[in-house]
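Residues per chain are reported as follows:
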Amino acid sequence: MTAVPLTTKKDWSSDQEVRWCPGCGDYSILTAMQLLMPEIDRRREDTVFISGIGCAARFPYYMNTYGMHSIHGRSPAIATGLAMARPDLDVWVVGGDGDMLSIGGNHLIHALRRNVNLTILLFNNQIYGLTKGQYSPTSEVGKVTKSTPMGSLDHPFNPISLALGAEATFVARTHDMDRGHMQEMFRRAHAHKGAALVEVYQNCNVFNDGAFGAITKKDARDAMLIDLKHGEPVRFGAENERGVMITDDGAQIVNVADVGEDKILVHDETADRGIAFALSGLAQDRESPTPIGVFRAVDRQEYGEAASAQLAAAQEANGPGDLDMLLRSLPTWDVS
Amino acid sequence: MTDTADRTDEIREVERIIIRFAGDSGDGMQLTGDRFTSASALFGNDLATLPEFPAEIRAPAGTLAGVSAFQIHISDHDITTPGDAPNVLVAMNPAALKAELDKIEPGATVIVNTDAFEERNLAKAGYADNPLEDGTLDGYTKIEAPMTSLTKEVCKDIGVKPRDAERSKNFFALGLVSWLYSRPEEPTMIWIREKFKGRDLVIAANEAAYRAGNAFGETAELSASRLAVRPAKLPAGTYTNINGNTALSWGLIAASHQVGLPLFLGSYPITPASDILHELSKHKNFGVRTFQAEDEIAAVGSALGASYGGHIGITTTSGPGIALKGETLGLAVSLELPLIVIDIQRGGPSTGLPTKTEAADLMMAMYGRHGEAPMPIVAASSPSDCFDVAIEAVRIAVQYRTPVMLLSDGYLANGTEPWKLPSVDDLPRLSVEFASETNGMDDEGREVFWPYVRNEDMARPWAIPGTDGLMHRIGGIEKQDGTGNINYAPENHDFMVRLRDERIRKIAETIPPLEVTGDVDADTLIVGWGSTWGAITSAVGRMRAAGEKVAQVHLTHLHPFAPNLGQILGQYERVIVPEMNLGQLTALLRAEFLVDARVISKVSGQPFTAGELVARIQEETR
């Protein structure tokens, strides 16, 4: 391995002019990433960002790494091929809610269930930005947009629930107003072996401004963000006075004083998938307290590594490929 | 001993025999045909085969829809097609007889399993009366064998249950046909023992059935029908009998070996391409990674991702899959990365005829992407040619950094022919170098890497992730040549569209000139592409033998064309293009060369036969 040189944010920033709308949440995500990268023990050369189409998908152009801006929805598939072919690389996948959950939904769930070594960042702004403001698969029911003047009829996806349903081994949520939390989630996701999905609540200040304001603005966070921490009781509120309890009806928000501290769920990232799923169900609308942090982090065989192991096993069993032997592997006869 | 010698004397030698095995999908006709083929190949005949099976895995037993057939042409000289009208039909049930009888030559030998000709099966096949008795087979040489009951009978002695024994009746048929047409027994016996290793009863049943078929021939005094075909005088060498999909898979492995880069196959199962996925999956010890993707789009996407990482990315599919991959192919054109796209064509549109052949995807290969998105196209002409064409596709892809479309079809995929094995030392030498150095300067005078700087082939550098100092971004958005920076300027797009077109046309510089065969000085030129090669070659041969002058040229490269094609076309008064579509190459030739090319079309899901081509060429030239 080549030694990893010391770098700064500047080394990870490409020479391309950033072309997101002024005030877009994507800027803070990009900055968080460029600041985090020097702290991750990897070279720029060994880092690849792959994206699809959409505002978020411009991300690779701004990172001074290897990068591919591909086509709508297909980034997890392209990244899967790259990660399988080159297990030595760090492959990041970046896309929005339309890219990853609508046109590319199929590729996302298959990458997650296979557990390909990809770090997938899903910038969820609940709107189509680059096509100028249609509702997305995460928009709330009744959303009035250019394509839904009488309100949208579609029930939205909950990306965390979807990922858990696809048996993802690492699922987390963060938001664009908290650089430290974003970096912590990106760091954890990157360190995870296998497919890691991080949903980033991201504000589109042009077409869906303030979508997450009720939970992410500074003075709302105490009451509205439930910060999941492994091994700690799931509590929130200015005085930590509220908490989450698991009942037969799923996860319930309760006053700790009403139920007693021992009834409050202690978060376990490795616990049964059902509990993570119950927690993911807490954010049903934009006015409710919403969990952020790592919902689930478990170990399972990583796909690319397993594929490489099969190659090694085949070579062990049959020796390295011999072309001449291959050509003679069916019955042959000689003509003189 | 005397007895045997006498019988041997009765065997009549013929130049060739065409046999068609037909039965229910569950009767094992493909296997029977395959074993007969293998024995014939090892015996030294030249041969060509045509398996034909229904799209359904098991259509209702006894029905016309469920008939599965296998045609083999064996010869004592070089042949190129599975033959026109069969001389022999093996019909395992009434449906097989009904479905196939009109395909065989008048007076042909018809071998039937009489046990299957009972009321229910006759009704299912739509026969009011038993065709074995009502004169249907008048004029044919009829050989009636109670295959099912005789197989059960011999199996009883070795302790096989009647139900299980019935499954061996195809080996009875094989034994009988092998006796009639003088096939050696040994290869089949060896195969049975290897295939069913550990299942002693199955081995015993199949061997007994085969021998019972042999014995039936002797005891039923069928000696008058016995024929033999001598080994063909083929060029010296070691041969194997190969189908197109296997040859294609091996060609890809050989190309990977020659270029020194690992293969990555991203594929989604589809008939008739799946066998390439199966074959390549068996060869992981060659460093071949195979990935069964969630859909056709992911299949090509993963292959493109692997190409970006420095592997030879391949995706295999049939027409419907190419339609789905179109957008990713456009991306590959824009990214200028090597990628091998293999289309085993089948009848379309839509689901069409999944198990039948057609070659109607040429225009899709040529134009089936949005925008001006040129891709080189190569096509295989015979099962064994799939090997060479796979290597050629990889050569073009890595030398010119481009996706390449390789066209084969269902007929080549499953059809077989003897193939003289190439020497590994004689395979084309391919090479490629990844970029390792910066090649540009930024505004501040720092050395940087520009992904779209071109070499003398107009190919951009292949700089794989992990390479020191060459970090760069590529994408599907229009870019500036050289730097690769996003650039939407009108004049830039105009420049890039023309550049992408020119760089693909430039590939013609390394395509060998075409050679005209037959009567070079004839008035009529037959132009072919793809799997029509065998039928055209055979038809031209017959016409010339009859004293007609005809020239032939066959295209491997369909985009760009070989550099001398225009000059060749200009030499002939008549240009005729047999195609298994409505005239797609014909249209391209007319557009490119302003030549009055005329099509001979066939779109029935069946390959051309030489006989029908002769007749149709004569119609055109009269």
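Residues numbered from 1 in each chain as written. Chains lettered and ligands numbered in written order. Predicted model: local features only at pLDDT ≥ 70, side-chain atom pairs only at ≥ 80, totals over all residues. Heavy atoms only, no water.

## Quick look at the pattern of salt bridges
Residue and element names in this part refer to chain A.
Stage number 1. Taken as a whole and judged by the stated rule, the model has 47 salt bridges over all chains.
Stage number 2. A salt bridge links Arg-273 to Glu-167; its shortest N-O distance comes to 3.6 Å. Of this pair, Arg-273 sits in helix α10 (residues 273-280) while Glu-167 is found in the loop between α5 (159-165) and β5 (170-175), placing the two residues 106 residues apart along the sequence.
Stage number 3. Residue Arg-273 is classed as partly exposed on the basis of its relative accessible area of 30%.
Stage number 4. The partly exposed category is assigned to Glu-167, whose relative accessible area is 41%.
Stage number 5. For Glu-184, the salt bridge is made with Arg-187, and the minimal N-O distance between the two is 3.7 Å. Within this pair, Glu-184 and its partner Arg-187 are both found in helix α6 (residues 179-191), separated by 3 residues, close to a single helical turn.
Stage number 6. Here Glu-184 falls in the partly exposed class, since its relative accessible area comes to 36%.
Stage number 7. A relative accessible area of 31% places Arg-187 in the partly exposed class. (Salt bridge = Lys/Arg side-chain N within 4 Å of Asp/Glu carboxyl O. Helix = DSSP H or I, 4+ residues; strand = E, 2+ residues; numbered from the N terminus. Buried < 20%, exposed > 50% of the residue type's maximum accessible area, 1.4 Å probe, protein only.)

## Details of the sheet that holds strand β7 (residues 225-228) of chain A
Stage number 1. Pairing in this open sheet of 9 strands is mixed, and the strands run β7(A)-β11(A)-β5(A)-β6(A)-β4(A)-β3(A)-β1(A)-β2(A)-β19(B) from one edge to the other. Every interior strand has two partners, whereas the edge strands, β7 of chain A together with β19 (473-475) of chain B, have only one. For this sheet, the mean angle separating the axes of adjacent strands, direction not counted, is 20 degrees.
Stage number 2. Alignment of β7 of chain A against strand β11 (residues 290-297) of chain A, held across 4 bridges, turns out to be parallel. Among the inter-strand pairings, Asp-227 of chain A is bridged to a residue of β11 of chain A, identified as Ile-292 of chain A.
Stage number 3. Against the sheet, helix α1 (residues 25-36) of chain A engages β1 (47-51), β3 (90-96), β4 (119-124) and β6 (196-201) of chain A, with an angle of about 155 degrees to β4 of chain A. (Pairing = 2+ DSSP bridges. Axes fitted to C-alpha atoms, helices over the stretch in contact; angles between N-to-C directions. Contact = heavy atoms within 4.5 Å.)

## Notes on the interface of chain B and chain A
Stage number 1. Listed per partner, the contact involves 71 residues of chain B and 60 residues of chain A.
Stage number 2. Here chain B meets chain A over a buried area of about 5600 Å², counting both sides, of which 62% is carbon and sulfur.
Stage number 3. On the chain B side of the contact with chain A, Asn-285, Met-471 and Arg-473 of chain B bury the most area, a combined 14% of that side's loss.
Stage number 4. Notably, a salt bridge pairs Arg-114 of chain A with Glu-294 of chain B, separated by 2.9 Å at the nearest N-O pair.
Stage number 5. Linking chain B with chain A are 33 residue pairs in polar contact (both at pLDDT 80 or more), by the criterion used here.
Stage number 6. Looking at the side of chain B that touches chain A, the elements that each hand over two or more residues are α2 (29-43), β9 (237-243), α10 (244-259), β11 (289-292), α12 (296-308), α13 (319-335), β16 (416-420) and β19 of chain B.
Stage number 7. Looking at which element gives the most residues to the side of chain B that touches chain A, the answer is α12 of chain B, with 7 residues.
Stage number 8. Looking at chain direction, strand β2 (residues 66-69) of chain A and β19 of chain B are connected through 3 bridges and run parallel. If you follow His-69 of chain A over to β19 of chain B, its bridge partner there is Gly-475 of chain B. (Buried area = accessible area lost by both parts, 1.4 Å probe. Polar contact = N/O pair within 3.5 Å; in protein donor to acceptor, adjacent residues only side chain to side chain.)

## Side note on the packing of α12 of chain B against α13 of chain B
Residue and element names in this part refer to chain B.
Stage number 1. Viewed as axis vectors pointing N to C, α12 and α13 meet at an angle of 25 degrees, and their least axial separation amounts to 8 Å. Taken together, the axis directions place α12 and α13 in an arrangement best described as roughly parallel. For the pair α12 and α13, the crossing hand works out as right-handed. Touching Glu-296, Ile-297, Ala-299, Val-300, Gly-301 and Leu-304 of α12 are Gly-321, Leu-324, Lys-325, Thr-328, Leu-329, Leu-331, Ala-332 and Leu-335, all from α13.
Stage number 2. Considered class by class, the residues forming the contact of α12 with α13 number 9 nonpolar, 3 polar and 2 charged. (Parallel < 35°, antiparallel > 145°, perpendicular 65-115°, else oblique. Left-handed = near helix turned anticlockwise from the far one by under 90°. Nonpolar A, V, L, I, M, F, W, Y, C, P; charged D, E, K, R; others polar.)

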